[in-house]
Amino acid sequence: MLSYMKSLLFNRVAGGYVCGVAFVIFIGSLSWSSQAVEVSESATADIFNATAATSNTPAQRIIALSPHIVESLFAIGAGSQIVGTVNYADFPKQALDIPRIGGHHGMQIEKILQMRPDLVISWRSGNKVEDIEKLKSLGLKVIYSDAKDIDGVATELRRFGKLTGHEEKAEQLALEYSAKLLKLRQTYQDKPAISVFYQLWSEPLMSVNKNTWIHQLLQTCGAINVFAENSTNYPHLSIENVVVANPELIIMPQENSKTPQPKINWQQWQMIPAVKNNQFIEIDADLVHRFSSRMLIGLEDMCGKIDKSRQAIAN
């Protein structure tokens, strides 16, 4: 999923995001594409309400335009109703058998029409505006996946359940998700603070600020994001920026990919507390960067590793 996120993120031009990087490698997470869909919340509600009002029949032929949407649909039992999806949709294993209709570069509109979908679920910030507008103009029902925060995953699960006829399973999963998230918050809310540098990527060196999904995950673990107040959501940084930020821990997300995150020889900068005390952790980017219930597996792992560093520093 990190490959999918970076491939969108690095083409972002507007809205204060990173731009100008010419390679395609992810984020599950987070507004990413070069011409991301910009629709007001009221417009999104209108589209959703119109869809719900015009058909009480559960959708049977769904186009899912993001890996996290595919994950959520499978989680509630609606995976068999997906007829098309995007590149990088790779979980669960059955998702690999779903026909591909495009990716961050754009959608194959004609192929989508040939699939005769009765519902298109788009990632608000991850699909090109012209593609989505074209699908709407052709009469297809389009709704948006757009969780504003990590609590919003439960709301989306319920919404997808209503649209697909899997309300009971979706409600069960949503309740479990909220309960597990609450438990994690309660576990770490009173832990001593630990300052962290979240190394989103190394070439170019990047991190996250307080407006991001990842920042919320760090907060849940009781960690202080040293670049929280940066004016850019996904800032490009220099090593000197990290030296000044003085983090006690460096977190490096890694994905299941043939192109792992390039290594930085941090040992050259012993003045950084994290380096001096050898406090580095790796986490699963395919879990923590996707807006699905499976994120909690990655979050629990990250919080546990952060806590071990917290204890090591205290000793």
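Anything mentioned here points back to the structure above.
Undergrad: Teacher, can you tell me more about unusual backbone geometry here?
TA: Excluding glycine, a negative phi dihedral is what most residues carry, and trans is how most peptide bonds are arranged. The linkage connecting F91 with the following residue, P92, adopts the cis geometry, with an omega of -5 degrees. Tracing the sequence through the fold places P92 in the loop between β2 (82-85) and β3 (102-103). Here E203 and P204 are connected by a cis peptide whose omega angle stands at 0 degrees. Secondary-structure assignment places P204 in the loop between β8 (201-202) and β9 (205-206). Even without a glycine there, the phi angle at N246 is positive, about 60 degrees. Position of N246 among the secondary structure elements: in the loop between α9 (239-245) and β11 (249-254). N246 sits in the partly exposed class, given a relative accessible area of 37%. The residue N278 is not glycine, and still its phi comes out positive at about 55 degrees. For N278, the position within the fold is in the loop between α10 (273-276) and β12 (280-284).

Undergrad: Help me understand the pairing of strand β6 (residues 142-145), please; the structure alone is not making it clear to me.
TA: Neither face of β6 is open: one carries V142 and Y144, the other I143 and S145, and all of them are buried. As judged from the 4 bridges shared by strand β5 (residues 119-123) and β6, these two strands associate in the parallel manner. Looking across to β6, one finds that W123 is bridged to S145. Each parallel crossover has a hand, and for β5 linked through helix α5 (residues 129-137) to β6 it is right-handed.

Undergrad: So what exactly am I meant to see when it comes to the pairing of β5 here?
TA: Consecutive residues of a regular strand have side chains that alternate between opposite faces of the sheet. The element β5 is largely enclosed, with a buried count of 5 among its 5 residues. Going residue by residue along β5, you find L119, I121 and W123 tucked away on one face and V120 and S122 tucked away on the opposite face as well.

Undergrad: Where do I start with the sheet that holds strand β7 (residues 194-198) in this structure?
TA: Either a parallel or an antiparallel arrangement is found when strands of a sheet pair, and the pairing is made through backbone hydrogen bonds. A sheet is described by the order of its strands in space; here 4 strands give the open sequence β10-β7-β11-β12, paired in parallel fashion. Bordering the open sheet on either side are β10 (223-225) and β12, each of which pairs with just one other strand. The mean inter-strand angle of the sheet, taken between neighbouring strand axes irrespective of direction, is 40 degrees. Sheet analysis places β7 next to β11, joined by 3 bridges and oriented parallel. Note on β11: the bridge partner recorded for F197 is I250. Each of β7, β10 and β11 is contacted by helix α8 (residues 213-220), which is oriented at about 150 degrees to β10, the strand it contacts most.

Undergrad: Whenever I open this one, the state of the cysteines confuses me. Can you help?
TA: A full pass over the atoms with the stated rule returns 1 disulfide. Each sulfur in the disulfide pair C221 and C303 lies 2.0 Å from the other. Disulfide C221-C303: torsion about the S-S bond near -80 degrees, hence left-handed. Here C303 lies in helix α12 (residues 295-314) and C221 lies in the loop between α8 and β10, a separation of 82 residues in the sequence.

Undergrad: When you look at the packing of aromatic side chains in this model, what are you seeing that I'm missing?
TA: The description of two aromatic rings rests on the distance between their centres and on the angle between their planes. What the rule picks out here adds up to 5 aromatic pairs. On the basis of an interplanar angle of 70 degrees and a centroid distance of 5.8 Å, the ring pair of W123 and F291 is categorised as edge-to-face. With a gap of 168 residues between them, W123 in strand β5 and F291 in the loop between α11 (285-288) and α12 connect regions that are remote in the sequence. Accessibility expressed as a relative area gives 6% for F291, which makes it buried. With centroids separated by 4.3 Å and ring planes inclined at 70 degrees, the aromatic side chains of W213 and F291 adopt a geometry described as edge-to-face. With W213 in helix α8 and F291 in the loop between α11 and α12, this pair connects stretches of sequence that are 78 residues apart. A relative accessible area of 3% places W213 in the buried class. Put simply, the rings of F197, F227, W266 and W269 pair up and form one aromatic cluster.

Undergrad: So what exactly am I meant to see when it comes to the environment of T187 here?
TA: Along the chain, the position of T187 falls in helix α7 (residues 167-188). Each C-alpha atom of the pair T187 and T220 lies 9.1 Å from the other, and the pair is 33 residues apart in sequence. Among the polar contacts listed, one links the side chain of T187 to the backbone oxygen of K183, at a separation of 2.8 Å.

Undergrad: What is the right way to look at the pattern of salt bridges in this model?
TA: Close approach of charged atoms allows side chains with opposite charge to pair. All chains considered together, the criterion is met by 13 salt bridges. The salt bridge involving D151 is made with R185; its shortest N-O contact spans 2.9 Å. Here R185 lies in helix α7 and D151 lies in the loop between β6 and α6 (152-164), a separation of 34 residues in the sequence. Its relative accessible area of 37% is what places D151 among the partly exposed residues. Note on R185: relative accessible area 29%, which makes it partly exposed. Each of E71, D90, R290 and R294 takes part in a single network of salt bridges with overlapping partners.

Quick notes on the rules
- Residues numbered from 1 in each chain as written.
- Predicted model: local features only at pLDDT ≥ 70, side-chain atom pairs only at ≥ 80, totals over all residues.
- Heavy atoms only, no water.
- Helix = DSSP H or I, 4+ residues; strand = E, 2+ residues; numbered from the N terminus.
- Buried < 20%, exposed > 50% of the residue type's maximum accessible area, 1.4 Å probe, protein only.
- Pairing = 2+ DSSP bridges.
- Right-handed = clockwise from strand over helix to strand, strands pointing away.
- Axes fitted to C-alpha atoms, helices over the stretch in contact; angles between N-to-C directions.
- Contact = heavy atoms within 4.5 Å.
- Disulfide = S-S within 2.5 Å.
- Phe/Tyr/Trp six-rings, centres within 6.5 Å; stacked < 30°, edge-to-face > 60°.
- Polar contact = N/O pair within 3.5 Å; in protein donor to acceptor, adjacent residues only side chain to side chain.
- Salt bridge = Lys/Arg side-chain N within 4 Å of Asp/Glu carboxyl O.

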